[in-house]
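Now for the letters of each chain:
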Amino acid sequence: MNPQAKLIFTTSLLLGTTITISSNHWITAWAGLEINTLAILPLISKSHHPRAIEAATKYFLVQATASTLVLFSSMTNAWYTGQWDITQLTHPVSCLILTSAIAMKLGLVPFHFWFPEVLQGSPLTTGLLLSTVMKFPPITLFLMTSPSLNPTLLTSMALLSTALGGWMGLNQTQIRKILAFSSISHLGWMTIIISYNPKLTLLNFYLYALMTAATFLALNSIKALKLSTLMTAWTKTPPLSAMLFLTLLSLAGLPPLTGFLPKWLIIQELTKQDMAPAAVMISLLSLLGLYFYLRLAYCATITLPPHTTSQMKQWHTNKPTHASIAILATMSATLLPISPMISTLL
């Protein structure tokens, strides 16, 4: 892609995100979401592969529908209450429509079907943007309207997202699809706590974005898209494979890595809110996700594939690992000891 075009699209992405997260009027928030959608489409379809074009089309249709629902929800609320302020969403029908719209934007169950397909058709760098930056504006709207939304509905959607994200990721061999289902599962953890402690949702999102960025950049450096490619990638850069192993275990939420921190705080908060059954259920459902993370981690560090593979072993490279990957991977593994400091910020 032309560097000037790439610069324009990246700037538009940042502009759209900034407009949405800094607005308190529904129309400006909607405009920011639209700018975001239009800016990411060329980045999804830049390879001109039929699968990429299909992914861009699916993404456009879903996001356009979700944006229409956001506008419809805000107009219904304004019709009944005369309020265009994002935090003043009080009409029950508007709240229900907005919950559906944001679930569609994020890829929460039952509106999750588009996300694995779109991620599978996108390059790894665009996949990183779709999993992190593109989720930030809808999460912000979720956060601002969370006091008005129905907690029972959100809890049900969260448990279903964690269940389906774990269940559907078990049988996958394509790494991008596994990471898409991982994202759906993590969104379940963010959604279950948003009505009770929205700051925890933000903390979970930040740490999830950190760990996902480390994973995507490491995979992009190795150029691994399938599990069979990942099995033979250890010869190329063994230190990077070891870092990827730790980052994947952190995404799974194993102590003593960073990923354990949000899960621990969310379970603690749910127990305080007399929601121990929900905490037990979401903890058990996250074990499904643990299986495919362990599978990925095993493939990343395996030195002898268990069967004859058609993939060629890669040449060892002396090219140093990029500093950003090193910093992100280190943070993905080592932030748990400063959890008392993080919890004082909440």
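Basis of the calculations
Residues numbered from 1 in each chain as written. Predicted model: local features only at pLDDT ≥ 70, side-chain atom pairs only at ≥ 80, totals over all residues. Heavy atoms only, no water. Helix = DSSP H or I, 4+ residues; strand = E, 2+ residues; numbered from the N terminus. Rg over C-alpha atoms; globule rule 2.2 N^0.38 Å. Lys, Arg positive; Asp, Glu negative; His and termini not counted. Charge placed at Lys NZ, Arg CZ, Asp CG, Glu CD. UniProt positions renumbered as here; feature names shortened; annotations may be inferred. Contact = heavy atoms within 4.5 Å. 1 Å grid on protein atoms, 1.4 Å probe; cavity = no way out; pocket = protein on both sides within 12 Å on 5 of 7 lines; lining within 4 Å. Points joined across faces, edges and corners; volume = space filled by probe spheres on them. Nonpolar A, V, L, I, M, F, W, Y, C, P; charged D, E, K, R; others polar. Salt bridge = Lys/Arg side-chain N within 4 Å of Asp/Glu carboxyl O. Buried < 20%, exposed > 50% of the residue type's maximum accessible area, 1.4 Å probe, protein only. Patch = residues over 30% accessible without salt bridge, like charges linked within 9 Å, V, L, I, M, F, W, Y side chains within 5 Å. Areas by Shrake-Rupley, 256 points an atom, 1.4 Å probe, with all protein chains shown as cover. Domains from an automatic or database assignment. Buried area = accessible area lost by both parts, 1.4 Å probe. Polar contact = N/O pair within 3.5 Å; in protein donor to acceptor, adjacent residues only side chain to side chain.

A. Representation of the overall build of the chain in the model. Secondary structure summary: the chain contains 16 helices and zero strands in total. Radius of gyration (C-alpha) of the chain: 20 Å, near the 20 Å computed for a compact globule of 346 residues. Across the chain, the mean location of the 17 positive side-chain charges is 19 Å away from that of the 6 negative side-chain charges.

B. Representation of the UniProt feature "domain: NADH:quinone oxidoreductase/Mrp antiporter transmembrane" (unreviewed entry) in the chain in the model. Annotation from UniProt places "domain: NADH:quinone oxidoreductase/Mrp antiporter transmembrane" (unreviewed entry) at residues 23–288. Overall, residues 23–288 shows 76% helix and 0% strand. The separation of its end C-alpha atoms is 38 Å.

C. Expanded view of the UniProt feature "signal peptide" (unreviewed entry) in the chain. With numbering matched to this structure, UniProt assigns "signal peptide" (unreviewed entry) to residues 1–23. Between the end C-alpha atoms of residues 1–23 the distance is 32 Å, and the span holds 87% helix and 0% strand.

D. Representation of the side chain of Asn 204 within the structure. Within the secondary structure, Asn 204 sits in helix α10 (residues 198–222). The residues contacting Asn 204, other than those within four sequence positions of it, are His 186, Trp 189, Met 190, Pro 262 and Ile 266.

E. Seen up close, empty space enclosed by the protein. Taken as a whole and assessed by the stated rule, the structure comprises two cavities of 30 Å³ or more. Lining the largest cavity are 13 residues, with Tyr 59, Gln 63, Lys 105, Met 134 and Pro 138 positioned closest to its centre. Counting only elements with at least two residues in the lining of the largest cavity, the list comes to α2 (26–44), α3 (50–81), α5 (114–121) and α7 (136–145). With three residues, the single largest contributor to the lining of the largest cavity is α2. Per-class residue counts for the lining of the largest cavity are eight nonpolar, three polar and two charged. Its boundaries defined by the atoms lining it, the second largest cavity holds a volume of some 60 Å³. Looking at the second largest cavity, the residues that line it are Ser 182, Ser 185, His 186, Trp 189, Leu 251, Ala 252, Lys 263, Ser 286, Gly 289, Leu 290, Phe 292 and Tyr 293. If you list the elements that add at least two residues to the lining of the second largest cavity, you get α9 (175–193), α12 (238–252) and α14 (276–301).

F. Region of interest: the pattern of salt bridges. Scanning the entire structure with this criterion turns up three salt bridges. Notably, a salt bridge pairs Glu 117 with Lys 58, separated by 3.9 Å at the nearest N-O pair. Of this pair, Glu 117 sits in helix α5 while Lys 58 sits in helix α3, placing them 59 residues apart in sequence. Residue Glu 117 is classed as partly exposed on the basis of its relative accessible area of 28%. On the basis of relative accessible area, Lys 58 is assigned to the partly exposed category, the value being 29%. Where salt bridges share partners, they join Glu 54, Lys 58, Glu 117 and Lys 177 into one cluster.

G. How the structure looks around a nonpolar patch on the surface. Nonpolar side chains collect at one region of the surface, where Ile 27, Met 75 and Trp 84 lie side by side and expose about 270 Å² of accessible area between them. Within the element layout of this structure, Met 75 appears in helix α3.

H. Molecular detail of the domain arrangement of the chain. Assigned domains within the chain: domain 1 (1–138) and domain 2 (150–345). For domain 1 and domain 2, the distance between their C-alpha centres works out to 23 Å. The interface of domain 1 with domain 2 comprises 24 residues on the first partner and 31 residues on the second. Interface area, domain 1 with domain 2, both sides summed: about 2,300 Å², of which 78% is carbon and sulfur. Here domain 1 is connected to domain 2 by one salt bridge. A salt bridge links Lys 177 to Glu 117; its shortest N-O distance comes to 3.4 Å. Counting across the interface, domain 1 meets domain 2 through five residue pairs in polar contact (both at pLDDT 80 or more).

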